[in-house]
Amino acid sequence: MTDMMRRVVSRPQPRSILVVLACGAACVAPLVLSDLTFFMRMVLAAIVVTGLSILMGYSGQASLGQGAFVAAGALTVAVGTTRFELPPLVALLAAPLVAAGFAALVGVPLLRLHGHYLAFGTLALLLMVQTAMSTFDVLGGALGVSGIPPLGVGDRVVVGQLPYVYLALGCLGLVLLVSHRTVHSRFGRGIQALAGSQTAAESAGVPVNRSKVAIFALSAGCAGLAGGLSAFLTPYVSPDSFPAVESFTYVIMAVVGGLGTIWGGVVGAVVVSVLLQVLNTISSQPGLPPTAAPIMQYATYGTLLVLALLFMPRGVVPSVDAGVGRLVERARVGVRG
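Residues numbered from 1 in each chain as written. Predicted model: local features only at pLDDT ≥ 70, side-chain atom pairs only at ≥ 80, totals over all residues. Heavy atoms only, no water.

(A) Main features of the environment of N209. Here N209 is to be found in helix α10 (residues 208–233). Taking the C-alpha atoms as reference points, N209 and G107, separated by 102 residues in sequence, lie 9.5 Å from one another. (Helix = DSSP H or I, 4+ residues; strand = E, 2+ residues; numbered from the N terminus.)

(B) Here's a closer look at the confidence of the model for the chain. Put simply, the chain has an average pLDDT of 86, and 94% of its residues get 70 or more. pLDDT under 50 marks residues 1–11. Its contacts with residues more than four places away, or in other chains, come to 2 contacts. (pLDDT = per-residue confidence, 0-100. Contact = heavy atoms within 4.5 Å.)

(C) Molecular detail of a nonpolar patch on the surface. The grouping of V28, L31, V32, L33, L162 and Y166 at the surface amounts to a nonpolar patch, some 530 Å² of accessible area in total. Elements supplying a minimum of two residues to the nonpolar patch: α2 (14–32) and α7 (162–183). With 3 residues, α2 is the single largest residue contributor to the nonpolar patch. Relative to the elements of secondary structure, L33 occurs in the loop between α2 and α3 (36–58). (Patch = residues over 30% accessible without salt bridge, like charges linked within 9 Å, V, L, I, M, F, W, Y side chains within 5 Å. Areas by Shrake-Rupley, 256 points an atom, 1.4 Å probe, with all protein chains shown as cover. Salt bridge = Lys/Arg side-chain N within 4 Å of Asp/Glu carboxyl O.)

(D) Molecular detail of the packing of aromatic side chains. Applying the stated criterion to the full structure yields 2 aromatic pairs. Between F69 and F216, the ring centres sit 5.4 Å apart and the planes meet at 90°, which makes this aromatic pair edge-to-face. Here F69 is found in helix α4 (residues 67–82), whereas its partner F216 is found in helix α10, with 147 residues between them in sequence. One exposure class covers both F69 and F216, and it is buried. Every member of this aromatic cluster is reached through a ring pair, and the members are F69, F102 and F216. (Phe/Tyr/Trp six-rings, centres within 6.5 Å; stacked < 30°, edge-to-face > 60°. Buried < 20%, exposed > 50% of the residue type's maximum accessible area, 1.4 Å probe, protein only.)

Here it is in structure tokens:
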């Protein structure tokens, strides 16, 4: 092997450098930020959107009701700890499993729909979950579930927001790892074939129905994990905790970050969350009407989607990745020349 080949092999890739820098910034940020609630909600959104990006980008399925599975995870923690006296850690571990199981159950009939029919079907599912939460007392009723105990093991409980933030970051890392392994597995390749043509995928031996339900359940499990963590953060769960506009926000985050990318959900969640936080700060200034906040929010959603479709149709991550790749290629050509 020549010296030039050794240098090329040992040279770190730009993508790896960006990942390391992002991980380092995420670990340091909670120590310097004053508003940990905002940071925590941003991380929880990234967990949800990572699963949604895989569902929409790799398998070609659409979901406008991801909040239904966030609610399933939150209810698992809230009802499990207050009604059935489950240990908080057990309830948290059960949250993604219950959400995934719920998605697998409703996914069998729901995933027979395609395109915008499936999207509106998931939205209807969210509305049905909200109705069930406000109707049945075991799910909290109209008043919701309060008095959720703090997360802990035995006599040791989590105190303060900082441990929850790092727990959420650890869960986000786990979701990214599972997503990466899933996408690059044989099952993942079959899922990607579904996005192109279900008929072609089925002729190639891909079990279409089982694969669609499985990836639907995986994305729901991510949402359920975020919901379980949010129940400890609040600690209160009610039908109003999962508005439909929040599920729409998840979709916008996935589109802005880049559908069908592992890191697109994280980038989209950060970009949209920071922008909405800035808008909330502006709209709360004296002299502005109370309707300024929702008007600015909806206007931002529309503007983001238009700009993303015009200038970054594939999303931020694929566009930046392609741009960095072109710069690296030009640099290599310059070195060779």
